[in-house]
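Each chain, letter by letter, is given below.
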Amino acid sequence: QVHLVESGGGLVQAGGSLRISCAASERTFGAYTMGWYRHAPGKDREFVASLTLAVDLTYYGDSVKGRFTISRDNVSNMIHLQMNSLKPEDTAVYYCAFSYIAPENNGRLRSVYWGQGTQVTVSS
């Protein structure tokens, strides 16, 4: 019933940039929080970034702060993650997510709906 479609993943060299995007259906109209998580082989799922739509606050995981920027486009109902200065340790499947409720104090989503994921690979 909730549909999130992700795009923009791919292979980049270390130090390069990518922008991944998430197209949301109209059922996300009432969303409070949207964001990104990632899951790398051998690691737990990791919080990347989130934003609150009404208050327009942004949150970032410590490992990406200063390099990644989350943004939204209300006209197209999309959110984006601009990833700069990419490192090999950024290699992961990146998942778009949203919630109808406020995030935790650190920006992590509660009661999450997930997209299908898009692969980002950073070579060294």
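Residues numbered from 1 in each chain as written. Predicted model: local features only at pLDDT ≥ 70, side-chain atom pairs only at ≥ 80, totals over all residues. Heavy atoms only, no water.

Engineer: Explain the side chain of Ser99 here, please?
Structural biologist: Within the secondary structure, Ser99 is located in strand β9 (residues 92–99). Residue Ser99 is classed as buried on the basis of its relative accessible area of 0%. (Helix = DSSP H or I, 4+ residues; strand = E, 2+ residues; numbered from the N terminus. Buried < 20%, exposed > 50% of the residue type's maximum accessible area, 1.4 Å probe, protein only.)

Engineer: Where do I start with the environment of Met83 in this structure?
Structural biologist: Mapping Met83 onto the fold places it in strand β8 (residues 78–83). The sequence separation of Met83 and Asn106 amounts to 23 residues, and the corresponding C-alpha distance is 20 Å.

Engineer: Would you take a moment to explain the packing of aromatic side chains for this structure?
Structural biologist: For any pair of aromatic rings, the description consists of the separation of the ring centres together with the inter-plane angle of the planes. Following the criterion strictly, the structure yields six aromatic pairs and no others. Judged by centre distance (5.5 Å) and plane angle (70°), the rings of Tyr37 and Phe47 are edge-to-face. Here Tyr37, found in strand β4 (residues 33–39), pairs with Phe47, found in strand β5 (residues 46–52); they are ten residues apart in sequence, far enough to count as distant. Their ring planes at 15° and their centres at 5.1 Å tell us that Phe98 and Tyr113 sit as a pair that is stacked. Taken as a pair, Phe98 in strand β9 and Tyr113 in strand β10 (residues 113–114) lie far apart in primary sequence, 15 residues in all. Taken together, the ring pairs in this structure connect Tyr37, Phe47, Tyr95 and Trp114 into an aromatic cluster. Of note, Arg45 hangs over the ring of Tyr37, and the distance from its end group to the ring centre comes to 5.6 Å. (Phe/Tyr/Trp six-rings, centres within 6.5 Å; stacked < 30°, edge-to-face > 60°. Lys NZ or Arg CZ within 6 Å of the ring centre and 35° of its normal.)

Engineer: Sorry if this is basic, but what is going on with the sheet that holds strand β7 (residues 68–73) here?
Structural biologist: Backbone hydrogen bonds hold the strands of a sheet together, and the pairing may be parallel or antiparallel. The four strands are arranged β1-β3-β8-β7 in an open sheet whose pairing can be described as antiparallel. Here the strands that pair on one side only, and so sit at the sheet edges, are β1 (4–7) and β7. Pairwise comparison of adjacent strand axes, ignoring direction, gives a mean angle of 15° for this sheet. Here β7 pairs with β8 via six bridges, running antiparallel. (Pairing = 2+ DSSP bridges. Axes fitted to C-alpha atoms, helices over the stretch in contact; angles between N-to-C directions.)

Engineer: Could you clarify how one ought to interpret the pairing of strand β3 (residues 18–24) in this entry?
Structural biologist: The two faces of a sheet get side chains in turn, since along a regular strand they alternate between them. Most of β3 sits out of view: five of its seven residues are buried. Summarising the sheet, β1 and β3 pair through four bridges and their orientation is antiparallel. Bridge pairing in β3 places Glu6 opposite Cys22. As defined by bridge partners, β3 adjoins β8 across six bridges and the pair is classed as antiparallel. Bridge assignment links Arg19 to a residue of β8, and that residue is Gln82.

Engineer: How should I be thinking about the environment of Tyr59 in this particular structure?
Structural biologist: Position of Tyr59 among the secondary structure elements: in strand β6 (residues 58–60). Taking the C-alpha atoms as reference points, Tyr59 and Gln13, separated by 46 residues in sequence, lie 26 Å from one another. If we ignore the near neighbours within four places in the chain, the residues touching Tyr59 are Phe47, Val48, Ala49, Ser50, Thr52, Pro103, Asn105, Asn106 and Gly107. (Contact = heavy atoms within 4.5 Å.)

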